[in-house]
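Results of the structural survey
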Amino acid sequence: MRIGVPKEIKNHEYRVGLTPGSVREVVANGHEVVVETGAGVGIGADDAAYEAAGAEVLKSAADVFAAANMIVKVKEPQAVERAMLRPDHILFTYLHLAPDAPQTADLVKSGATCIAYETVTDGRGGLPLLAPMSQVAGRLAVQAGASALEKAHGGAGVLLGGVPGVAPAKVVVIGGGVVGAHSITMALGLGADVTVFDRNVDVLANLSHRFGAALRTVYSTAAALEEYVLDADLVIGAVLVAGAAAPKLVSADMVRRMKAGSVLVDVAIDQGGCFETSRPTTHAEPTYVVDDVVHYCVANMPGGVPRTSTHALNNVTLPFVLALANQGYRKALLANPNFLPGLNVYKGQVTCEAVANALGYDF
Ligand code: NAD
């Protein structure tokens, strides 16, 4: 199979579908790879690195789409990319179709086989191709929060881990899933005083077992949250209610009563945010202040660390890329009941129930 990797064109997207290391694996399996010139600059991989890995570098996205049978990307195809899709193309990338009617209509029209990273499942009810981005966001949340706590960045001027003789900062993590667990890892690693809230007692039990006495676990009720949030230096919002907007767990009134210079990092902002005062921000201007509380609400946090994010993404996508290339898409999808839910659009039909329901397609 000939696999194509175009340069990402969405605003401020620096990740790339395949690293040179992944290209080498694909080529070693007997396939060809064509890469658009400059596709890897955002992760520090130049054309020569791709050529050394066995790829052919082409001068435009049009050349890549024309030459390839399978397109491997990161972000959903933009309108100009969708116009280049053919019925014999396999598209493998993040799609997030449910809120995106124009993209869905174009993919249906293209006739291409469109497989979304975010709907591939695993045997435990998880979403393995989304998890690495949650891991990145969870870890970055603590870095962002620590930086925002510095005086020059609007914070109270508190060092997360304190020093011997000076107490550490109080960090509250709301939601102990993938994002939350990785925030906890980082915050404890820096020596902070960490409390996690969740509504699932099994999640709390697992975290307690994993982190031991260093971590305080609290069942998430409005009263308990209010008590801890008002006393916190850094609050990280990491909740997810599948298929729904994030619940507003910290009200504007609570924000008004928080300590001056404390910091809110709303990782759940991509689902609408779990603080009433949150609004999406960008890496260019990541923070704003409401009632002396610094808010960090970047909606695409992994995009801020594209090297780490690209490698983390490739670690989980490469086995599926190889399965598609080695077995062909029919066999690869039908042989793996966790891969099949990834198929969102096939031969002009929406094949993902949630997308069909959201946008009114037959299923
Ligand atoms: P997850 O499903 O692994 O974890 C979510 C946790 O929230 C679960 O343990 C759940 O029990 C808990 N929860 C639900 N309601 C709660 C409540 N009322 N109080 C306390 N806990 C509650 O999800 P995840 O992968 O950790 O993702 C968390 C959020 O981060 C999602 O909204 C996801 O879209 C978002 N995210 C954002 C970025 C970004 O760049 N901003 C990146 C990755 C993920």
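Along each chain, the written sequence defines residue order, and numbers are assigned to residues from 1. Local features are withheld for residues below a pLDDT of 70 in this predicted model, meaning they are given only at 70 or higher, and side-chain atom pairs are given and counted only at 80 or more; totals for whole chains, interfaces and linings count all residues. Calculation of side-chain values draws on the structure's entire complement of heavy atoms; hydrogens and water are dropped beforehand.

**Some points on the overall build of the protein chain**
In terms of helices and strands, the protein chain carries 13 helices and 15 strands. Burial classification: accessible surface area is computed with a 1.4 Å probe over protein chains only, and a residue below 20% of its type maximum counts as buried, one above 50% as exposed, and the rest as partly exposed. A total of 363 residues make up the protein chain; the buried ones form 50% of that total. In the protein chain, 61% of the contacts between residues at least 6 apart in sequence involve partners at least 24 apart. To be clear on the numbers: accessible area is Shrake-Rupley with a 1.4 Å probe, and residue cover counts the displayed protein chains and nothing else. Summed over all atoms, the accessible surface of the protein chain reaches about 15,700 Å², with 54% contributed by carbon and sulfur. Working convention for charge: Lys and Arg count positive, Asp and Glu count negative, and His plus the chain ends are omitted. Charge placement uses NZ in Lys and CZ in Arg. For Asp and Glu, CG and CD serve respectively. With 27 positive and 34 negative side-chain charges, the protein chain shows a separation of 2 Å between the mean positions of the two kinds. Helix and strand labels come from DSSP, where a helix needs a run of H or I of at least four residues and a strand needs a run of E of at least two; each type is numbered from the N terminus. Contact between two residues is taken to exist if any of their heavy atoms lie within 4.5 Å; hydrogens are not considered.

**Section: the site of the ligand**
Here a residue is near a molecule or strand as soon as one of its heavy atoms is found within 4 Å of it. Taken together, 28 residues form the shell around the ligand, and within it S134, V179, D198, D270 and M301 come nearest. We call two N or O atoms a polar contact when they sit within 3.5 Å, provided that within protein one can donate a hydrogen and the other can accept it, with sequence-adjacent residues counted only if both atoms are side-chain atoms. In this structure, a nitrogen atom belonging to the ligand sits 3.1 Å away from a main-chain N or O atom of V298. Separating an oxygen atom of the ligand from a backbone N or O atom of A299 is a distance of 3.1 Å. When the free accessible area of the ligand is taken as 870 Å², the share hidden by the protein chains comes to 85%. Elements that contribute at least two residues to the shell around the ligand include exactly α6 (131-148), α7 (178-189) and β8 (193-198). For the shell around the ligand, the element with the highest residue contribution is α6, accounting for three residues. Here the shell around the ligand is composed, by residue class, of 18 nonpolar, seven polar and three charged. Three classes are used, and their members are as follows: Ala, Val, Leu, Ile, Met, Phe, Trp, Tyr, Cys and Pro are nonpolar, Asp, Glu, Lys and Arg are charged, and the others, Gly among them, are polar.

**Quick look at the sheet that holds strand β9 (residues 215-219)**
Overall, mixed pairing links the seven strands, which are arranged β9-β8-β7-β10-β11-β13-β12 in an open sheet. One side of each edge strand has no neighbouring strand; the edge strands of this open sheet are β9 and β12 (287-290). Averaged over neighbouring strand pairs, the angle between their axes works out to 20° when direction is ignored. Across the sheet, α6 is in contact with β10 (234-237), β11 (263-266) and β13 (293-296); its angle to β11 comes to roughly 155°. Should DSSP find at least two bridges between two strands, the strands are regarded as paired. Orientation is described by lines fitted to C-alpha atoms, with helices fitted over the stretch in contact, and by angles between N-to-C directions that extend from 0 to 180 degrees.

**Description of α6**
Residues three or four positions apart in an α-helix share a direction because the helix packs 3.6 residues into each turn. To estimate how far a helix should reach, multiply one less than its number of residues by 1.5 Å. An ideal rise of 1.5 Å per residue puts 26 Å on 18 residues; α6 measures up with 25 Å between its terminal C-alpha atoms. Buried within α6 are the following residues: P132, M133, V136, A137, G138, L140, A141, V142, A144, G145 and A148. On its buried face, α6 sits against α7, β10, β11, β13 and α11 (306-327).

**Some words on the domain arrangement of the protein chain**
What counts as a domain boundary in this text is fixed by an automatic or database domain assignment. Domain boundaries in the protein chain define domain 1 (2-120 + 306-359) and domain 2 (131-304). Domain 1 and domain 2 are separated by 33 Å when their C-alpha centres are compared. With ten residues of domain 1 at the interface, the matching set in domain 2 holds seven residues. As a working definition, buried area equals the accessible area (1.4 Å probe) given up by two parts on being put together, with both sides summed. Both faces considered, domain 1 and domain 2 share a buried interface measuring about 640 Å² in area, 59% of it formed by carbon and sulfur atoms. Interface area lost by domain 1 to domain 2 is led by R15, P306 and S309, which between them contribute 46%.

**As for the packing of α6 against α7**
The interhelical angle for the contact between α6 and α7, taken along N-to-C directions, is 40°, at an axis separation of 7 Å. One way to sum up the angle between α6 and α7 is to call them oblique. Viewed along their axes, α6 and α7 form a crossing whose handedness is right-handed. Between α6 and α7, the residues in contact are A131, S134, Q135, G138, R139, A141, V142 and Q143 and V178, V179, H182, S183, T185, M186 and A187, respectively. Roughly parallel here means an angle under 35 degrees, roughly antiparallel means over 145, roughly perpendicular means 65 to 115, and every remaining angle is called oblique. Each crossing gets its hand from how the near helix is turned against the far one by less than a right angle, where anticlockwise is left-handed and clockwise is right-handed.

**A few points about the nonpolar core**
For the purposes of this section, nonpolar cores are sets of buried Ala, Val, Leu, Ile, Met, Phe, Trp, Tyr and Cys residues that join through side-chain atoms within 4.5 Å. Membership of the largest hydrophobic core comes to 40 residues, with the highest contact counts inside it found for Y50, F92, L324 and F339. If you list the elements that add at least two residues to this core, you get β1 (2-5), α1 (20-28), β2 (32-36), β4 (70-72), β5 (90-93), α11 and α12 (329-335). When neighbours within four sequence positions are excluded, F339 is seen to be in contact with F92, I115, V120, F320, L324, A332 and L333. Listed in part, the 33 residues of the second largest apolar core include L160, A181, Y296 and M301.

**Description of the packing of aromatic side chains**
A pair of aromatic rings is counted whenever rings of Phe, Tyr or Trp (Trp by its six-membered ring) have centres within 6.5 Å, and the orientation is called stacked for planes under 30 degrees apart, edge-to-face for over 60 and tilted otherwise. Counted under the stated rule, the structure contains six aromatic pairs. Aromatic side chains F197 and Y228 sit 5.5 Å apart centroid to centroid with 75° between the ring planes, which places their arrangement in the edge-to-face category. Of this pair, F197 sits in strand β8 while Y228 sits in helix α9 (residues 222-231); the two residues are 31 residues apart in sequence, bridging distant segments of the chain. Take F197: its relative accessible area is 0%, and that puts it in the buried class. Look at Y228 and you get partly exposed, because its relative accessible area is 24%. Each ring, one from F320 and one from F339, has its centre 4.7 Å from the other, and the planes form 55°; the classification is tilted. Of this pair, F320 sits in helix α11 while F339 is found in the loop between α12 and β14 (343-346), placing the two residues 19 residues apart along the sequence. The same class applies to F320 as to F339, namely buried.

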